[in-house]
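What follows is the residue order along each chain.
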Amino acid sequence: AKRQGRDAACMFSVEQMQELEDRLVLGARLREAIPRGELELHYQPILDAGRRVVTGLEALVRWNSPELGRVPPGRFIPIAEALGLMPEVGLWVIDEACRQLRAWEDAGLDGFTVAVNVSALQLQRPDIVRQVRDSLARHGVPGRRLEIELTESSLMEHVDRVQGHLADIKALGVRLSLDDFGTGYSSLAYLKQFSLDRLKIDRSFVMGLPGNADDAAIARTIIAMGHQLRIAVAAEGVETAEQADFLAGIGCDELQGYHFGRPAPAAEIQARLPRA
Ligand code: C2E
Ligand code: CA
Ligand code: CA
Ligand code: CA
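Residues numbered from 1 in each chain as written. Chains lettered and ligands numbered in written order. Predicted model: local features only at pLDDT ≥ 70, side-chain atom pairs only at ≥ 80, totals over all residues. Heavy atoms only, no water.

## A look at the coordination of the calcium ion (ligand 3)
Then comes step 1: Listed as protein donors to the calcium ion (ligand 3) are Asp179 (OD), Asp179 (OD), Asp180 (OD), Glu236 (OE) and Glu236 (OE); their distances from the metal cover 2.0 to 3.1 Å.
Then comes step 2: Its six donor atoms give the calcium ion (ligand 3) angles of 44 to 157° at the centre, a pattern that matches the irregular case.
Then comes step 3: Sequence positions of the residues that donate to the calcium ion (ligand 3) give the spacing D-D-x55-E.
Then comes step 4: The metal-metal distance between the calcium ion (ligand 3) and the calcium ion (ligand 2) is 3.6 Å, with aspartate 179 coordinating both. Here glutamate 236 lies in the loop between β8 (232–235) and α10 (241–249) and aspartate 180 lies in strand β6 (residues 175–181), a separation of 56 residues in the sequence. (Donors = N, O, S within 2.8 Å, 3.2 Å for Na, K, Ca; no water. Tetrahedral: all angles 85-135°; square planar, octahedral: opposite > 155°, others 65-115°. Helix = DSSP H or I, 4+ residues; strand = E, 2+ residues; numbered from the N terminus.)

## So, the coordination of the calcium ion (ligand 2)
Then comes step 1: Taken together, the protein ligands of the calcium ion (ligand 2) are Glu58 (OE), Asn117 (OD1), Glu149 (OE) and Asp179 (OD), with distances of 2.1 to 2.3 Å.
Then comes step 2: Given the relative accessible area of 2%, glutamate 149 is considered buried. (Buried < 20%, exposed > 50% of the residue type's maximum accessible area, 1.4 Å probe, protein only.)

## Overview of the site of ligand 1
Then comes step 1: The full set close to ligand 1 counts 21 residues, and Gln44, Arg62, Asp179, Glu239 and Tyr258 are the nearest of them.
Then comes step 2: Taking glutamate 58, its side chain carries an N or O atom lying 3.3 Å from an oxygen atom of ligand 1.
Then comes step 3: Side-chain polar atom of glutamate 239 to a nitrogen atom of ligand 1: 2.5 Å apart, as the coordinates give it.
Then comes step 4: A total of 800 Å² of accessible area belongs to ligand 1 in isolation, and the protein chains cover 79% of it.
Then comes step 5: A molecule is said to occupy a pocket when more than half its atoms come within 2 Å of that pocket's grid points, and by this definition ligand 1 occupies the largest pocket. (Near = heavy atom within 4 Å. Polar contact = N/O pair within 3.5 Å; in protein donor to acceptor, adjacent residues only side chain to side chain. Areas by Shrake-Rupley, 256 points an atom, 1.4 Å probe, with all protein chains shown as cover. 1 Å grid on protein atoms, 1.4 Å probe; cavity = no way out; pocket = protein on both sides within 12 Å on 5 of 7 lines; lining within 4 Å. Sits in = over half its atoms within 2 Å of the grid points.)

## Some remarks on the nonpolar core
Then comes step 1: If you look at the biggest cluster of nonpolar residues, it comprises 76 residues, and the most contacted ones within it are Trp104 and Leu247.
Then comes step 2: Per-element tally for this core: the top contributor is helix α3 (residues 86–106), with eight residues.
Then comes step 3: Apart from residues no more than four positions distant in its own chain, tryptophan 104 is found in contact with Tyr43, Leu57, Leu109, Phe112, Val114, Ala266, Ile269, Gln270 and Leu273. (Core = buried A, V, L, I, M, F, W, Y, C linked by side-chain atoms within 4.5 Å. Contact = heavy atoms within 4.5 Å.)

## Observations concerning the confidence of the model for the protein chain
Then comes step 1: Predicted confidence across the protein chain gives a mean pLDDT of 92, with 95% of residues reaching 70 or more.
Then comes step 2: In the predicted assembly, ipTM is 0.98 and pTM is 0.93. (pLDDT = per-residue confidence, 0-100.)

Structure follows, in structure tokens:
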């Protein structure tokens, strides 16, 4: 038992060392990533479930580091948060999305929204409202073209402050979307409280469709509840035609996933965008 204990302690510290090293190495590079122009947004199409036309894009950040290669957002965003670098990354994402929206509008591409992911910490910071307002103004983009994706957990802490920020952001015409719905500590009270425009059914409930009866029940329930509350419902992680047809059949409003397109650079996604 003693040996086992020592091994366990040892493994724990090796893991911790690796995590620490990851943080130090990535953190040091990440500080330079924005000034060096290493961040990029990729865009994934979101389609109207009935008409199957692109109604929106989700912007997903990419980090192409010359030293580290492509670092996935799931790995560097938590580090950016821990090191206090997230305000810069988050600000860059919002501003870049607005810049791109402007460029597309100038090229005659209009009538779709761009959704950006905003982290819990970002949402708590007092300057988030000004950041969104400034980026929209700087690039001359109407608020209704922009959408903010938040997670359930980001609505849980500092509720009053977050609610105030979201109300101010909504007043700019920006839409609010609740991401990964069903995976967090959902409280149905949030749905009432935050005047959301869209719920996104998490990929984990879409994966088992159409065969898995539990997933089907969950998807139906989320859609019915969303519609009762006049909130549009989108599904993420749609990978097959069967999933798409099933979701459309049970009234899901919008579909997103590899079946319709992977996240791609702006220049590649452009051909799929509606013209004004
Ligand atoms: P998310 O917001 O849930 O984004 C969806 C993720 O699922 C993306 O991964 C996307 O590439 C992937 N995906 C889309 N369709 C499919 C599909 O059909 N099948 C499968 N297996 N996967 C699919 P990605 O780009 O690696 O992003 C991971 C997460 O990182 C995002 O999850 C989001 O939470 C976070 N993230 C990405 N960009 C940003 C950002 O600019 N700011 C913040 N705060 N978080 C971001
Ligand atoms: Ca998202
Ligand atoms: Ca999501
Ligand atoms: Ca998800």
